[in-house]
Each structure stands twice: as C-alpha cells, then as structure tokens.
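# Remarks on the overall topology
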Amino acid sequence: MSERKGACIIGQSGGPTAVINASAQGAIQAALKAGCITRVLGAAHGIKGVLDDKLYDMDQEDASELGLLKNTPSSALGSCRYKLADPDQDDTDYRRILEIFKKYDVRYFFYNGGNDSMDTCNKISKYMQKIGYECRIMGIPKTIDNDLNGTDHCPGFASAAKYISTSCMEVWQDAHVYDTGMITIIEIMGRHAGWLAGASALATWAGFGPDLIYLPEVDFDMEQFLADVTAIYHRTGKCMVAVSEGIHYADGTFVSEAKASATDGFGHAQLGGLAATLAEIVKQKTRAKVRGIELSLLQRCGAHLASETDIEEAYRAGQAAVEAAVSGMTDKMVAFRCTRDDKGYFCETILEPLDVAANAEKKVPRAWINAAGNGVEQPFIDYVLPLIQGEPELPREHSLPRFAKLKKVLATAN
C-alpha cells in the first residue's frame, strides 16, 4: 500500500483505566511525528465526538502536558458508551461519520477501548471498505476486565490487579488488628470474567489475602458459600472473601441485588451492592461481625499504584497502532503476545483482525480455578505476577499528583 496523506482521529471509549492515557500519548506522539499524517485530532467522548463534530486539535497542545498523559488516569479526551446500529439496518450514524471524515480529510482512525469499542471500530472499518472510502482503522486494546479476545492481556488490567491485590493486603492487616471475630467481604469489578477478582489471590500468595475467592466462571451456590465462610470463621475467628461483582447462580441470574438497577449503552447490567448483600446474609447466618467493602471506581483510577509494565505496554500499544496504519495496515487491533518462562517475561505487539476481538469475551480458564470454585491455582499467579511489576516515578506538585491539563482546543475544518 502506498503512503496515504490525511488527518487522523484518536478516540477513547468505554470504562477508563489508570493507563488508557498512556496509550493515547503513544498514539498522539507517533501521529505527530508521522509525515503522512497531516493533522492529529482527538474525539471528545469517543465516537460521540465524531458524530457531534466535536474534535480537539491535538497540535495545539503543549508537548509538556502531552508528556504528562502517561501518568494521568481516566480518559483525558472523554469517553462514551455508544452502540452503533448494524449499518445494514440503519446507516444514519455511518453516513454522519463519513461526512465528518471527509470534512477533515480523515484517513486514519484509532479507537482505544474494550470489547464493545472494538465492535464500533470493526463496524466503521467494514462500512468504509464497503463504500470505498480509504481510511486506515486500528483498534487499541483497553479494559481492566482483561476479557478482550485475541490478546494475552489488556492494558489497564495489570494496574487494576495491582491496586486490588495491594488493597486486599492492607485490608487484611486492618481486619486482623483485634482479637475478636470478623468476616470481611470485598467486592471487585468483573461482569462476566473473573480476572480482577482472581488478582486478589496475589495478596494471598504474598501472605495477607482472601481465604476465599469467587469468580463468575463458576456458578455460585449460596449454601456452599455460607458453609465455606462459616468453616473458616469457626476455625480461625477471621475470614476474608473476594467476590467478583458478576457472580451468578446456575440459572444465570446475578447474585447482586442491584442487577436490574440500570444498563449501559450496550445493554449490560450495571452491577453493584453485592458486598453489602452478602455481608447481610452472612451476618444473619453466623451472627458474626461482618464488613462489606466495594472497591468500586478506585480499582480503575488508582494511578498511584499503577504498574510500570502496564504503563509502558499501554504506550507501546498506542504507538504500534499508528506505526502499523502508516505502514499500510488497516482493520486490525494491536494485541500482545507474551512468554513467561525461566528466562523471564517477554511481551511483543502483534496485530489481530478486528473481527477476532469484537464482542468476544475471554474468560479465566477453568483449569486455573480450584476444584471447589472458591480460589485460583498457581498458573493464575504465574500469569498475572509479571504484569504488575515496576513502580513509575510519578510527577508531583506539593506532594500531590501532577496530571495533564489539556487545552482541548476545538478543531475547525481547513
């Protein structure tokens, strides 16, 4: 494919992470250096910014502020949860996207997100190919849930895993202060995949973590759960439990009492309240002191506990997406291929078709979960441990984090 001159749009979508801006920085800086990319635009709130013609002129940003993106959590450009219709059923949004692409001469589109974001990326790519508009479209992976298909792991997961395992270790210390009995239940994000809840096992591996861990890959049995908790509590006087927010009964219904409270733009249940629900049930059963803790948004915005490995890999994913598109690639997602052996950990970027990632969920292998379904096995630890390594040197002012402050100058057509 010959060199293609034109502008690019970079967008962020879905739930934010501690390192999604590192991917943005990698993509923005690579695009600014690319001679064939004439203009670098940031989409305000993902694909909605394209549809609303609300794009930021990234060339107007100070290089020093862009440099701070690497250690700034959340989505600096703004995110969204917006589902594009099937273009064969309704092509309204696609015609609008094409209009905006033509208005700014956009020939490169980079979308940073998880399963649903890759679906958006895939649909736009296929539509542009169908109508014959040349635009090189690349997906950049992101999700703390680590459930994106086609890649060894996702940027964002490792930092969340590190936050979760560290927090569990700290809570364990607090819960063991008194010589009185206590049961602690910690609710961790993860709707259908238990990678994050499983990461709490790192705390147990380190000597200060949950006694029991429940993932959505295994059907939840309330009676067995109560028996597990009661047995440990009666034996030791303490019990710490980590539960994924998405644990469900054999019929598929979520244990969380908040399962029907709301849904996001893709129709997914917004879960929450599980720790409080289980704490009340356990309290009634055991008459013990029970504390329910929901880590909630803290797990995905805790940049102060980010993994340096995660940050560097996230940056590399954004950079690789631009480099691949400039070289002529399109309709792909950047993915990681990794080895873990006696020589250490090694990770490289590869490209996977967008079709592979769109709307497919990667679950924790059943073999990595113990037979009882209340903990994880050593292969899980071996998988996660290399990913959380390293502590970044965070920029600070007055002993507080110094996050990027973007001007967000709205772009106009040339």
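As shown above, the structure is provided for reference.
Residues numbered from 1 in each chain as written. Predicted model: local features only at pLDDT ≥ 70, side-chain atom pairs only at ≥ 80, totals over all residues. Heavy atoms only, no water.

### Re the sheet that holds strand E9 (residues 290–294)
The 4 strands lie next to each other as E7-E8-E6-E9, forming an open sheet whose pairing is parallel. Strand pairing shows two members of the sheet lacking a second neighbour, strand E7 (212–214) and E9, which therefore form its edges. Within this sheet the neighbouring strands show an average axis-to-axis angle of 15°, counted without direction. Note: strand E6 (residues 182–188) against strand E8 (residues 238–244), 7 bridges, orientation parallel. Residue Ile188 lies in a different strand from E8, and its bridge partner there is Ser244. Strand contacts of helix H6 (residues 157–175): E6, E8 and E9, with the helix running at about 165° to E6, the strand carrying the most contacts. (Pairing = 2+ DSSP bridges. Helix = DSSP H or I, 4+ residues; strand = E, 2+ residues; numbered from the N terminus. Axes fitted to C-alpha atoms, helices over the stretch in contact; angles between N-to-C directions. Contact = heavy atoms within 4.5 Å.)

### Description of the pairing of strand E5 (residues 136–141)
Burial runs high along E5: 6 of the 6 residues are buried. Pairing analysis gives 6 bridges linking strand E4 (residues 106–113) to E5, with the strands arranged parallel. Looking at E5, one finds that Gly113 is bridged to Pro141. Tracing the backbone out of E4, into helix H5 (residues 115–131) and back to the parallel element E5 gives a crossover that is right-handed. (Buried < 20%, exposed > 50% of the residue type's maximum accessible area, 1.4 Å probe, protein only. Right-handed = clockwise from strand over helix to strand, strands pointing away.)

### Some words on the side chain of Asn71
Along the chain, Asn71 falls in the loop between helix H3 (63–67) and helix H4 (92–103). The class for Asn71 is buried, based on a relative accessible area of 15%. Excluding its chain neighbours within four sequence positions, the residues that come into contact with Asn71 are Ala303, Ile311, Pro392, Glu393, Leu394, Pro395 and Phe403.

### Section: the packing of H4 against H5
Packing of H4 against H5 leaves a shortest axis separation of 11 Å and a crossing angle of 75°. As the angle between them shows, H4 and H5 are arranged roughly perpendicular. Along the contact surface, H4 presents Tyr94, Arg95, Ile97, Leu98 and Phe101, while H5 presents Lys123, Ile124, Tyr127, Met128 and Ile131. Class assignment of the residues belonging to the contact of H4 with H5 gives a composition of 8 nonpolar, no polar and 2 charged. (Parallel < 35°, antiparallel > 145°, perpendicular 65-115°, else oblique. Nonpolar A, V, L, I, M, F, W, Y, C, P; charged D, E, K, R; others polar.)

### Section: the sheet that holds E5
Judged by pairing direction, the sheet is mixed, and its 7 strands sit side by side in the order E3-E2-E1-E4-E5-E10-E11 without closing on themselves. In the strand order of this sheet, the two ends are held by strand E3 (55–57) and strand E11 (344–353), each with one partner. Averaged over all pairs of adjacent strands, the angle between strand axes in this sheet comes to 30°, irrespective of strand direction. With respect to the sheet, helix H1 (residues 20–33) is in contact with strand E1 (6–12), strand E2 (37–43), E4 and E5, its orientation differing from that of E1 by roughly 175°.

### With respect to unusual backbone geometry
Within the chain, His45 stands out as a residue other than glycine whose phi angle is a positive 60°. With respect to the helices and strands, the residue His45 is situated in the loop between E2 and helix H2 (47–51).

### Some words on the packing of aromatic side chains
What the rule picks out here adds up to 16 aromatic pairs. Where Tyr94 meets Tyr127, the ring centres are 5.2 Å apart and the plane angle is 35°; that geometry is what we call tilted. Remark: Tyr127 occurs in helix H5 and Tyr94 occurs in helix H4; sequence separation between them is 33 residues. The buried category is assigned to Tyr94, whose relative accessible area is 1%. Assessed through its relative accessible area of 10%, Tyr127 is described here as buried. (Phe/Tyr/Trp six-rings, centres within 6.5 Å; stacked < 30°, edge-to-face > 60°.)

### Considering H5
Helix length check: H5, at 17 residues, gives a terminal C-alpha distance of 25 Å against a target of 24 Å (1.5 Å per residue), a fit within 8%. With respect to burial, H5 is a largely interior element, 13 of its 17 residues being buried. Just downstream of H5 lies Gly132, where phi reads positive at about 85°. (Expected span 1.5 Å × (residues − 1).)

### A short note on the packing of H1 against helix H12 (residues 308–326)
Contact geometry of H1 with H12 gives a least axis separation of 7 Å together with a crossing angle of 35°. Here H1 and H12 pass one another in a crossing that is right-handed. Across the interface between the two elements, Ala22, Ser23, Gln25, Gly26, Ala27, Gln29, Ala30 and Ala31 of H1 pack against Ile311, Ala314, Tyr315, Ala317, Gly318, Gln319 and Val322 of H12. Looking at the contact of H1 with H12 residue by residue, the class counts come to 9 nonpolar, 6 polar and no charged. (Left-handed = near helix turned anticlockwise from the far one by under 90°.)

### Section: H12
Compared with an ideal rise of 1.5 Å per residue, which puts 19 residues at 27 Å, H12 spans 27 Å between its outermost C-alpha atoms and is within 8% of the ideal. Measuring from the side-chain oxygen of the N-cap residue of H12 to the backbone nitrogen of Thr309 gives 3.2 Å; that N-cap residue is Ser307. Remark: Gly328 follows H12 within two positions and exhibits a positive phi of approximately 115°. (Polar contact = N/O pair within 3.5 Å; in protein donor to acceptor, adjacent residues only side chain to side chain.)

### A few points about the pairing of E6
Across the 7 residues that make up E6, a large majority, 7, are buried. Side chains Met182, Thr184, Ile186 and Ile188 project from E6 onto one buried face, and the interleaved Ile183, Ile185 and Glu187 project onto a second face that is buried too.

### Notes on the environment of Glu352
Following the sequence through the fold, Glu352 ends up in strand E11. When its relative accessible area of 21% is taken as the criterion, Glu352 is described as partly exposed. In this structure the C-alpha to C-alpha distance between Glu352 and Asp331, which are 21 residues apart in sequence, comes to 8.7 Å.

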